[in-house]
Amino acid sequence: MGFVRGQFPALEKDWAFFDNAGGSQTLRGAMERIVEFLTHRDVQIGGSYEISQLAAEALMQGRRAAQTLVNAARPEEIVFGASTTALVQTLAAAMRSQFEPGDEIIVTHADHESNIGPWERLREFGVVIRVWPFDTDTMQLRLEDLEPLMGPRTKLVCVHHVSNILGQINPVREIAEFVHARGAKICVDGVAYAPHRAIDVTGWDVDYYIFSLYKCYGPHTAIMYGKHALLAELDGLYHYFYGKDKVPGKLEPGNPNYELAYSATAVVAYIQELGRRDGSQAEGRALLEAGFEAIARQEQVLTDRLLDWLRARGDCRVIGPAENPANLRVPTIAFRVAGMASGAVARAMDDHRVAIRFGDFHSRRLAELLGEDHDEGVVRVSMVHYNTLAELERMLAALPGIIGAEAAA
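What counts, and where the lines are drawn
- For every chain, the first residue of the written sequence is number 1, and numbering continues from 1 onward in sequence order.
- Reporting of local features is limited, given that this is a predicted model, to residues whose pLDDT is at least 70; pairs of side-chain atoms are given and counted only at 80 or more, and all residues count toward the totals for whole chains, interfaces and linings.
- Excluded from the side-chain calculations are hydrogens and water; all other atoms, namely the structure's heavy atoms, are used.
- UniProt positions are given in the numbering used here, feature names are shortened, and annotations may be inferred rather than shown by experiment.
- Helix and strand assignments follow DSSP, with helices taken as H or I runs no shorter than four residues and strands as E runs no shorter than two, numbered in order from the N terminus.
- A helix is expected to span 1.5 Å for every residue after the first.
- Three labels apply to residues, based on accessible area from a 1.4 Å probe with only protein chains included: buried if under 20% of the type maximum, exposed if over 50%, partly exposed otherwise in between.
- Residue contacts are counted whenever heavy atoms from the two residues lie within 4.5 Å of one another.
- Between rings of Phe, Tyr and Trp, where Trp is taken as its six-membered ring, a pair exists when centres lie within 6.5 Å; planes separated by under 30 degrees are stacked, by over 60 edge-to-face, and by other angles tilted.
- Put simply, a charge is over a ring when the Lys NZ or the Arg CZ is close to the ring centre, within 6 Å, and near the line of the ring normal, within 35 degrees.
- When DSSP finds two or more bridges between two strands, those strands count as paired.
- Between N-to-C directions, angles span 0 to 180 degrees; the directions come from axes that are lines fitted to C-alpha atoms, helices contributing only their stretch in contact.

Colleague: I tried to follow the UniProt feature "domain: Aminotransferase class V" (unreviewed entry) in the protein on my own but got confused; where do I start?
Modeller: Listed under "domain: Aminotransferase class V" (unreviewed entry) in the UniProt record, and renumbered for this structure, are residues 17-394. Spanning residues 17-394, this segment combines 38% helix with 16% strand, and its end C-alpha atoms are found 12 Å apart.

What follows is the structure, given as structure tokens:
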């Protein structure tokens, strides 16, 4: 753990950062890549001169790192953008001409609004938006509820890999197989999954997969994977002379942020180093997978401890799965305290220098569906592998006093 925490300069503060689903801390290596680019390569790509060639090399290194990170077939399947929200909007705009009036897109109200709103806006062009019902009893999306929605006009299904409130991992491969068997494509929001497990777009056979690097140990930028043949079919959003075959550049108007794209190399190198320190002798993608296996083990300890504590109390209620069998939950855990507004819990925790959050986290439709949109939403503790059990125990030691003080008031 000493090595891990030493890679994140912000962890030198005396704060415990339990708001990682909103944005993780940034790797020292990512910062160094940014400085290195701005110091030695800070020019536009496309020139014949040496420094421009170095800039282009850095951008391609970033694409290749992202290719490894998601297990894409080629670096050209990687599109960089400002955020997941912006990239889903980019995808929706670039797909618009593929839809005829009456064509259907299926969304789920359990998603972050980023993977709902951009598709909803296509109603203006005659696209029909259908909603995959969320089972509030099991807190799951069920394929038997998706089945009756799909027909010959269904073109796209949009779904989250992990809810940023519920924390449960959805079976993306199974969903993709189901959707493809019925002739549609799938777009997956992977934001709440990416920091915790290895992404495998090839193994899952997803069509589009989007996540934010700033929630996965990098700076404020994001990555969209798309199958190359599908990216080639999209409308270009850049200048008219960027033809449909100019992938991925036609989807990166103004060009991507070079230094932030380059920083993806540090994220991959770090996770691979975790695999190496865990004893793996592999290289490349396999080493990255080993790193994520180590991450998952550490996070399971944190997840199980917090869930055990919450279940043992009569005044706290977990939102979503309250147990973690087979480690199929990420350490993003939302709960309510009986008789307290969630904001009061989070603000009181500020005094203990423990950063947690309250609200609906831009998953407002889910909060409304669950009836959790009152009293400032829910409390959310979102951890990652660099958090320690000692930090968690610090929070758990403070919570009873906060709850008791509110009750006494």
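Colleague: When you look at helix α11 (residues 264-277) in this model, what are you seeing that I'm missing?
Modeller: Structural remark: α-helix, 3.6 residues per turn; residues separated by three or four positions point the same way. A rise of 1.5 Å per residue sets the reference length of α11, with its 14 residues, at 20 Å; its end C-alpha atoms lie 20 Å apart and thus fit the reference within 8%. In terms of burial, α11 is largely enclosed, as 10 of its 14 residues are buried. Taken as a whole, α11 has its buried residues at Ala264, Thr265, Ala266, Val267, Val268, Tyr270, Ile271, Gln272, Leu274 and Gly275. Against α1 (2-6), α2 (28-40), α3 (50-70), α10 (258-262) and α12 (284-312) lie the buried residues of α11. Two residues or fewer past α11, Gly279 is found with a positive phi of approximately 105 degrees.

Colleague: Explain the packing of aromatic side chains here, please?
Modeller: The geometry of two aromatic rings is summed up by the distance between their centres and the angle between their planes. Going through the model one piece at a time under the given rule, you end up with 14 aromatic pairs. Residues Phe8 and Tyr270 carry aromatic rings whose centres are separated by 5.5 Å and whose planes lie at 90 degrees to one another, so their mutual orientation is edge-to-face. Of this pair, Phe8 sits in the loop between α1 and β1 (16-17) while Tyr270 is found in helix α11, placing the two residues 262 residues apart along the sequence. Taken as a pair, Phe8 and Tyr270 share a single burial class, namely buried. Centroid distance Phe37 to Tyr258: 6.1 Å. Interplanar angle 45 degrees. Geometry classified as tilted. Here Phe37 is found in helix α2, whereas its partner Tyr258 is found in helix α10, with 221 residues between them in sequence. A residue is classified by how much of its surface remains accessible, and Phe37, at 0% relative accessible area, is buried. The buried category is assigned to Tyr258, whose relative accessible area is 9%. Connected via pairs of aromatic rings, a cluster forms that spans Phe3, Phe8, Tyr217, Tyr270 and Tyr386. Positioned above the aromatic ring of Phe125 is the side chain of Arg96, whose terminal nitrogen or guanidinium carbon lies 4.1 Å from the ring centre.

Colleague: Any chance you could explain the sheet that holds strand β14 (residues 357-359) here in plain terms?
Modeller: Adjacent strands of a sheet pair through backbone hydrogen bonds, lying either parallel or antiparallel. A sheet is described by the order of its strands in space; here four strands give the open sequence β11-β12-β15-β14, paired in antiparallel fashion. Of all strands in the sheet, those bounded by a partner on one side alone are β11 (316-319) and β14. In this sheet, adjacent strand axes meet at a mean angle of 35 degrees when their direction is disregarded. Alignment of β11 against strand β12 (residues 332-337), held across four bridges, turns out to be antiparallel. The residue of β12 that forms the bridge with Ile319 is Ala334. Against the sheet, α12 touches β11, β12 and β15 (378-382), its axis set at about 15 degrees to β12. On the sheet, helix α13 (residues 342-350) packs against β12, β14 and β15 and is oriented at approximately 165 degrees with respect to β14.

Colleague: Sorry if this is basic, but what is going on with the sheet that holds strand β4 (residues 128-131) here?
Modeller: What the seven strands build is an open sheet, ordered β2-β10-β9-β8-β7-β3-β4; its pairing is mixed. Every interior strand has two partners, whereas the edge strands, β2 (78-81) and β4, have only one. The average angle at which neighbouring strand axes cross in this sheet is 20 degrees, direction not considered. Sitting on the sheet, α3 touches β2, β9 (208-212) and β10 (222-226), and the angle it makes with β2 is about 110 degrees. Contacts from helix α4 (residues 84-95) reach β2, β7 (154-160), β8 (185-189), β9 and β10, with the element oriented near 150 degrees to β9.

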